[in-house]
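Observations on the three-dimensional arrangement
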Amino acid sequence: QSIHKDLEEKIARFHQREDAILYASCFDANAGIFEALLTPEDAVLSDELNHASIIDGIRLCKANKYRYKHMDMKDLEAKLQDAQKHRLRLVATDGAFSMDGDIAPLREICQLAEKYNALVFIDECHATGFLGPNGRGTDELLGVMDKVTIINSTLGKALGGAAGGYTTGPKPLIDLLRQRSRPYLFSNSLPPAVVGSASKALDLLMESNAIAQSMAAKTQRFRSKMTAAGFTISGKDHPICPVMLGDARLAAVMAEDMLNRGIYVIGFSYPVVPKGKARIRVQISAVHSDEDIDRCVEAFTEVGRKHGALP
């Protein structure tokens, strides 16, 4: 419908790209891009901690597959050197990694891509709408919007929170996806209500950078207060704030105690994260007040002392 076309145009404008294509989810966008774009003559270089949907999408394509160590630029360079024998090289990475809240070194990735004549693809599901001065994501945050070729992201998190995903990038690529991307061709389009809510979310972001700026301030408040209380918070300056605890049972009982205090946080342990890396993942939202954040830190401190996570 026309509202879908309008939203695609708005997404491209928001990301300052030529065109965009909508999917039912970003999982579908990731499932649809690699197979349509890459042939057996090409190579894809993927960060080892990329999201499951990127991994599944890469599995579907016939390109030569390289996996580089997490955010390790020396390893990526070695793999790019090895991949020079292939027709086309695509570096694929999450912009922000959802389990650790760390941010890909996009400046260095783009420099290497330029040096070795590769394209850069980023998944921005955990960045779109709140990272960067205007909430455009990690490429805006790190000043490489003109160097990243393809962005996949979601409408199901910061931009409405219901469903939907998209690919944005060069118009010839989007034209190709409309003809060749199976999750787009052989699935339903987004429900109009979801299109409407996502469109409004983009309007709010493009009218003012107040929401993106408030997210940065609230994230900093939570991270600094939790660190001062004695907790270890993984990642850097990201609203996903993993409180690292190590022990799976400790993460589970603390999360349950937090819920009893009216604070909804999730404990993660093996096999979702590696053994010994159990954590409680906290996500800061634009609707949280400073009082909400302070109350959360106080509750964490009480629960942490009760269960021996703090002295």
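Residues numbered from 1 in each chain as written. Predicted model: local features only at pLDDT ≥ 70, side-chain atom pairs only at ≥ 80, totals over all residues. Heavy atoms only, no water.

Going by an unreviewed UniProt entry, the protein chain carries the name 2-amino-3-ketobutyrate coenzyme A ligase, mitochondrial and comes from Jacana jacana. As recorded by UniProt, the Sequence similarities (unreviewed entry) comment attached to the protein chain reads in full: "Belongs to the class-II pyridoxal-phosphate-dependent aminotransferase family." UniProt lists a comment for the protein chain under the heading Catalytic activity (unreviewed entry), and it reads "glycine + acetyl-CoA = (2S)-2-amino-3-oxobutanoate + CoA". (UniProt positions renumbered as here; feature names shortened; annotations may be inferred.)

Another aspect to go through is the side chain of threonine 138. Note on placement: threonine 138 falls in helix 6 (residues 138–141). Taking relative accessible area as the criterion, threonine 138 reaches 0% and is therefore assigned buried. The contacts of threonine 138, once residues within four sequence positions are left out, are Gly95, Ala96, Ile103, Leu106, Ile122, Glu124, Ala127 and Leu131. (Helix = DSSP H or I, 4+ residues; strand = E, 2+ residues; numbered from the N terminus. Buried < 20%, exposed > 50% of the residue type's maximum accessible area, 1.4 Å probe, protein only. Contact = heavy atoms within 4.5 Å.)

Let's shift gears to the domain arrangement of the protein chain. The domains assigned to the protein chain are domain 1 (1–207) and domain 2 (209–307). A straight line from the C-alpha centre of domain 1 to that of domain 2 covers 27 Å. Every contact between the two is made by 15 residues of domain 1 and, on the other side, 19 residues of domain 2. For the pair domain 1 and domain 2, the summed buried surface comes to about 1300 Å²; carbon and sulfur atoms form 60% of the total. When residues of domain 1 are sorted by the area they lose upon contact with domain 2, Met99, Asp100 and Phe130 head the list and together hold 43% of the total. Taken together, domain 1 and domain 2 are joined by one salt bridge. Taking the shortest distance from any N to any O, the salt bridge between aspartate 100 and arginine 279 comes out at 2.8 Å. (Domains from an automatic or database assignment. Buried area = accessible area lost by both parts, 1.4 Å probe. Salt bridge = Lys/Arg side-chain N within 4 Å of Asp/Glu carboxyl O.)

Okay, the packing of aromatic side chains next. Enumeration over the complete set of coordinates arrives at four aromatic pairs. Among the aromatic residues, those joined into a ring-pair cluster are Phe222, Phe231 and Phe300. Looking at lysine 275, its charged tip hangs above the ring of tyrosine 270, at a distance of 4.8 Å from the centre. (Phe/Tyr/Trp six-rings, centres within 6.5 Å; stacked < 30°, edge-to-face > 60°. Lys NZ or Arg CZ within 6 Å of the ring centre and 35° of its normal.)

Looking now at a nonpolar patch on the surface. A grouping of Leu259, Tyr264 and Ile266 is seen on the molecular surface, where their side chains present a nonpolar patch of about 340 Å² in accessible area. Positionally, leucine 259 belongs in helix 11 (residues 248–260). A residue is classified by how much of its surface remains accessible, and leucine 259, at 49% relative accessible area, is partly exposed. (Patch = residues over 30% accessible without salt bridge, like charges linked within 9 Å, V, L, I, M, F, W, Y side chains within 5 Å. Areas by Shrake-Rupley, 256 points an atom, 1.4 Å probe, with all protein chains shown as cover.)

Turning our eyes to something else, we now look at helix 10 (residues 210–229). Between the first and last C-alpha of helix 10 there are 29 Å, a value that for 20 residues agrees with the 28 Å anticipated at 1.5 Å per step. Along its buried surface, helix 10 packs onto strand 8 (232–233), strand 9 (240–246), strand 11 (278–283) and helix 12 (290–306). Looking one or two residues beyond helix 10, the residue adopting positive phi is glycine 230, at roughly 115°. (Expected span 1.5 Å × (residues − 1).)

Glancing now at the pattern of salt bridges. Across all of its chains, the model carries 21 salt bridges by this definition. The partner of arginine 87 in a salt bridge is aspartate 42, with the nearest N and O atoms 2.7 Å apart. Of this pair, arginine 87 sits in the loop between helix 4 (73–82) and strand 4 (89–94) while aspartate 42 is found in the loop between helix 2 (26–37) and strand 2 (43–47), placing the two residues 45 residues apart along the sequence. The shortest N-O distance in the salt bridge between arginine 221 and aspartate 294 comes to 2.9 Å. Linking arginine 221 in helix 10 with aspartate 294 in helix 12, this pair joins segments that are 73 residues apart in sequence. What you see here is one network of salt bridges that share partners, running through Lys5, Glu8, Asp19 and Arg178.

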